[in-house]
Amino acid sequence: MSRHQVALTVPADSSYVALLRATTAGVAARLDFTLDDIDDLRLAVDEACGLLLRQARPESTLFCGFRMAEPHLSIDVTAQADSPRLPPRDGFAWTVLTSLAGDVHASVDEDSVTLTLSRKREGATP
Amino acid sequence: MSTADISSQRHPAPDLEGTGTPVDTGFESADPRARTVQLFEQLAGSDDVEKQEALRNEIVRLHLPLVDHLARRFRNRGEPLDDLVQVGTIGLIKSVDRFELTRGVEFSTYATPTVIGEIKRYFRDKGWAVRVPRRLQELRLSLASASADLTQELGRSPTVGELAERLELNQDAVLEGLESANAYNTLSLDAPDNGESERQTMVESLAADDEALEGVEYRESLKPLLTALAPREKLILMLRFFHGMTQSQIAQEVGISQMHVSRILSRTLAQLRTSLLDH
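Conventions adopted
Residues numbered from 1 in each chain as written. Chains lettered and ligands numbered in written order. Predicted model: local features only at pLDDT ≥ 70, side-chain atom pairs only at ≥ 80, totals over all residues. Heavy atoms only, no water. Helix = DSSP H or I, 4+ residues; strand = E, 2+ residues; numbered from the N terminus. Buried < 20%, exposed > 50% of the residue type's maximum accessible area, 1.4 Å probe, protein only. Contact = heavy atoms within 4.5 Å. Areas by Shrake-Rupley, 256 points an atom, 1.4 Å probe, with all protein chains shown as cover. Buried area = accessible area lost by both parts, 1.4 Å probe. Salt bridge = Lys/Arg side-chain N within 4 Å of Asp/Glu carboxyl O. Polar contact = N/O pair within 3.5 Å; in protein donor to acceptor, adjacent residues only side chain to side chain. Nonpolar A, V, L, I, M, F, W, Y, C, P; charged D, E, K, R; others polar. Phe/Tyr/Trp six-rings, centres within 6.5 Å; stacked < 30°, edge-to-face > 60°.

Focus on the overall build of chain A
Next up, step 1: When its secondary structure is counted, chain A shows three helices and five strands.
Next up, step 2: When the 126 residues of chain A are sorted by exposure, 53% land in the buried category.
Next up, step 3: For chain A, restricting intrachain contacts to residue pairs at least 6 apart in sequence, the fraction spanning at least 24 positions comes to 65%.
Next up, step 4: In the form shown here, chain A has an accessible surface area of approximately 5500 Å², with 49% of it arising from carbon and sulfur atoms.

Have a look at this one:
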């Protein structure tokens, strides 16, 4: 595990998403992202959680992992699901997600679905 | 306030007409005070409803600079000046309805506390949705203004580090302030469209924006939801997601703070998410 990694596991319940948003802001601020970008990422995590919670298994957990590799920040959000499926790419939520996070990748395995958001810091002086 | 402070009310009326008046109304026209008295006299002597309306309107118009002047005192407190002028004008209208010439007080002197009271009430009512300590409220306000300044200077939105340096705070304090900003509620999603000219143009621009939604599978589920949004929410959503504008750019375009844009986006998306789920 890289040193520049933060991971948080919370109950798969929308009331815990605020915790992930706050952590996102903290991590992005550490990387010197601008306020615009911080807010975008915060919204993106919100949106990703919203998408995943729709298919999350009740009583399961939501995992959120932040990987910092200057000037990139990647965020994995994983939910456990009984029949995991990729979120529709033609939906509004996906449009929102891609405009907020820049690069969005979705993947499924037998019992979970993961959204990976990647954003490069721009504009800010190194 | 001590009883001595209200002693001025015992002064004869002419004294208040003079230079001792505490409020600089910013009037430039010939003699608005005399005109005001004249109008109120006509108003008191008129039985014609239409005539009364016209007189009231003229008195209100005559004192709009006063409202503007008073509203400016509350600038930089996180609310758009336009909104403050608007609620201040409500205070002005109330004053016109309650004012009596026979009291011998000048109208602007009489109206000032009512206008200020209305603006203060607006801050109280539309202010913090959650009780937030004063320290954080003040922090949020200084963050908002520092953030706007830095955005101007840098040509992009600032980093937390830059904000911390400008405000001579540590980064944790800045982050805390940004988090607390989420508890601040200025605009309800259900807020009615007040039909201001500015919003009117927004609504017009939205028709064209619908084309930007092409390619998104939205017709069945999303369109009615977007239509249900208040014009400002919809506009901000469109600018961010279909025109690729940054939050700071939107803030400038719409005339509100970036933090406000962020809050509106976050709330609007949450609302859409809930509605889509219910569908």
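Don't stop here, the text continues.
Quick notes on the overall build of chain B
Next up, step 1: The number of helices and strands found in chain B is 14 helices and zero strands.
Next up, step 2: Counting from the amino terminus, helix and strand elements in chain B follow one another as α-α-α-α-α-α-α-α-α-α-α-α-α-α.
Next up, step 3: Counting only residues that meet the buried cut, chain B has 46% of its 279 residues in that class.
Next up, step 4: Here the contacts in chain B between residues at least 6 apart in sequence split such that 64% fall between residues at least 24 apart.

Remarks on the interface of chain A and chain B
By convention, interface size is frequently given as the accessible area that disappears when the constituent parts associate.
Next up, step 1: Taken together, the contact pairs 28 residues of chain A with 32 residues of chain B.
Next up, step 2: A combined buried area of about 2600 Å² lies between chain A and chain B, and 58% of that area is made up of carbon and sulfur atoms.
Next up, step 3: Linking chain A with chain B are one salt bridge.
Next up, step 4: The shortest N-O distance in the salt bridge between Arg240 of chain B and Asp40 of chain A comes to 2.7 Å.
Next up, step 5: Where chain A touches chain B, the interface holds eleven residue pairs in polar contact (both at pLDDT 80 or more).
Next up, step 6: Of all elements in the fold, only helix 1 (17-30), helix 2 (35-53) and helix 3 (92-101) of chain A reach the threshold of two or more residues within the side of chain A that touches chain B.
Next up, step 7: Tallying contributions element by element places helix 2 of chain A first for the side of chain A that touches chain B, with ten residues.
Next up, step 8: Partitioned by chemical class, the residues of the side of chain A that touches chain B number eleven nonpolar, eight polar and nine charged.

Things to note about the packing of aromatic side chains
All names here are of chain B.
Next up, step 1: Evaluation of the coordinates by the stated rule reveals four aromatic pairs over all chains.
Next up, step 2: Plain terms: the ring middles of Phe40 and Phe107 are 5.1 Å apart, the flat faces sit at 50° to each other, and that makes the pair tilted. Of this pair, Phe40 sits in helix 2 (residues 32-44) while Phe107 sits in helix 6 (residues 107-125), placing them 67 residues apart in sequence.
Next up, step 3: Since its relative accessible area comes to 5%, Phe40 is described here as buried.
Next up, step 4: On the basis of an interplanar angle of 55° and a centroid distance of 5.3 Å, the ring pair of Phe99 and Tyr110 is categorised as tilted. Taken together, the positions of Phe99 in the loop between helix 5 (81-98) and helix 6 and Tyr110 in helix 6 put the pair eleven residues apart, joining distant regions of the chain.
Next up, step 5: Here a set of aromatic residues connected by ring pairs shows up, and it is made of Phe40, Phe99, Phe107 and Tyr110.

Quick word on the environment of Pro71 of chain A
Residues and elements named next belong to chain A.
Next up, step 1: Within the fold, Pro71 resides in the loop between strand 2 (61-69) and strand 3 (72-80).
Next up, step 2: Pro71 sits 50 residues away from Arg121 along the chain, and the two C-alpha atoms are 5.3 Å apart.
Next up, step 3: Setting aside chain neighbours within four positions, we find Pro71 in contact with Phe33, Arg119, Lys120 and Arg121.

Let's talk about the pattern of salt bridges
Residues and elements named next belong to chain B.
Next up, step 1: A complete count under the given rule lists 16 salt bridges over all chains for this structure.
Next up, step 2: Where Lys94 meets Glu118, a salt bridge forms, and the shortest distance between an N and an O atom there is 3.1 Å. Of this pair, Lys94 sits in helix 5 while Glu118 sits in helix 6; the two residues are 24 residues apart in sequence, bridging distant segments of the chain.
Next up, step 3: Since its relative accessible area comes to 29%, Lys94 is described here as partly exposed.

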